[in-house]
Amino acid sequence: MTSEEQAPTGIDPSVPSVARIYDYWLGGKDNFASDRAAADKLLEFVPDAREMCRENRAFLTRAVSLLAGEGVDQFVDIGSGLPTQDNTHQVAQRVNPDARVVYVDNDPIVLVHGRALLEENTNTRVVNGDLRKPGALLADPEVTELIDFSRPVAVLLLSILHFVHDDAEATAIMTEIRSKLAPGSYVVLAHGFPGEMSGDKLESVQAVYAKTAPGGVTGRTRAQIASYFEGMEIIDPGIVPSEAWRPDVPWDVPVDFAKHSVLGVVARVR
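Everything numeric in this text was worked out from a predicted model, so none of it was measured. (Residues numbered from 1 in each chain as written. Predicted model: local features only at pLDDT ≥ 70, side-chain atom pairs only at ≥ 80, totals over all residues. Heavy atoms only, no water.)

Engineer: Can you tell me about helix H5 (residues 108–117), naming the residues and giving the values?
Structural biologist: Residues of H5 that are buried: Ile109, Val110, Leu111 and Gly114. The backbone nitrogen of Ile109 has a side-chain oxygen 2.8 Å away, supplied by the residue at the start of H5, namely Asp107. (Buried < 20%, exposed > 50% of the residue type's maximum accessible area, 1.4 Å probe, protein only. Helix = DSSP H or I, 4+ residues; strand = E, 2+ residues; numbered from the N terminus. Polar contact = N/O pair within 3.5 Å; in protein donor to acceptor, adjacent residues only side chain to side chain.)

Engineer: So, the nonpolar core: which residues are in play, and what are the values?
Structural biologist: Ranked by internal contacts, the top residues of the largest apolar core, which has 82 residues, are Phe75, Leu157 and Phe229. With nine residues, the top contributor of residues to this core is helix H3 (residues 49–69). Among all residues touching Phe229, those that are not within four sequence positions of it are Met174, Arg178, Val187, Leu189, Ile234, Val265 and Ala267. Ala19, Phe32, Ile109 and Val110 belong to the second largest nonpolar core, which has six residues in total. (Core = buried A, V, L, I, M, F, W, Y, C linked by side-chain atoms within 4.5 Å. Contact = heavy atoms within 4.5 Å.)

Engineer: Account for the packing of helix H1 (residues 18–25) against helix H2 (residues 33–45), naming residues and giving values.
Structural biologist: Two elements in contact, H1 and H2, have axes separated by 9 Å at closest approach and are oriented at 70 degrees. In this view, H1 runs roughly perpendicular relative to H2, as classed from their interaxial angle. Within the contact between the two elements, H1 uses Arg20, Ile21, Tyr24 and Trp25 and H2 uses Asp35, Arg36, Ala38, Ala39, Asp40, Leu42 and Leu43. Grouping the constituent residues of the contact of H1 with H2 by class yields seven nonpolar, no polar and four charged. (Axes fitted to C-alpha atoms, helices over the stretch in contact; angles between N-to-C directions. Parallel < 35°, antiparallel > 145°, perpendicular 65-115°, else oblique. Nonpolar A, V, L, I, M, F, W, Y, C, P; charged D, E, K, R; others polar.)

Engineer: Break down the pattern of salt bridges for me, with residues and values.
Structural biologist: Considering all chains together, one arrives at 10 salt bridges under this definition. Across the salt bridge formed by Asp107 and Arg20, the nearest N and O atoms sit 3.9 Å from each other. Residue Asp107 is found in the loop between strand S2 (100–105) and H5, and its partner Arg20 is found in helix H1; the two are separated by 87 residues along the sequence. Residue Asp86 is joined to Arg94 by a salt bridge in which the shortest nitrogen-to-oxygen separation is 2.9 Å. Looking at Arg94, the relative accessible area reads 53%, which means it is exposed. One network of salt bridges, with partners in common, ties together Arg20, Asp35 and Asp107. (Salt bridge = Lys/Arg side-chain N within 4 Å of Asp/Glu carboxyl O.)

Here it is in structure tokens:
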């Protein structure tokens, strides 16, 4: 996007969006000046944020490839963001051309671009939905027309839950999602982890995100993230920085949980 005149109806281009910040860091063009300014400001406090963003996408590719290879043929990607390279349907359908994928987002630009991209892909669709209402989201006829929740399904929540600030609400969301899944289903989560980031730097990051849509970000500890998977089987290597989750090349660097990162985890419904 080169001018604010290109903003769809209902979009205020002066308010940065986390989806468009993410797009900018991945090298996309679906962003406004406000998004780029916020993204660059965040890089002042977290210089490796762009690399973390790319590692998060690589984690998606590895996790979806693994699950599709193990026979999972249904995926619900919540908070999917703007289309980029190696989207969930592209990864899953490389393994199984019949895999079904539903993307869920509530950003109008994401919905417009996603629907245009997938117009001719009958096994994939983009649905307007709200993570804060998971029961309604998963029961949406547009979702259930393509996804059969009586069979195993993989639900992806990549860098979205940390935008739910209230800890109790985040726990309730994850509990409800788990309750809707058949045995053999999976949840794939990527979540911001502050590590030992200084209080001043953390406040600066939160101040930038507070001016975005949806507004604010909340990093959580490994213990908090682990609690979301009560009763589920967390598969190896557990809750680790996304780049250390089953990397494509041998990983011989000790995991540093003092460092801020995006933690990745894949868990199975028993």
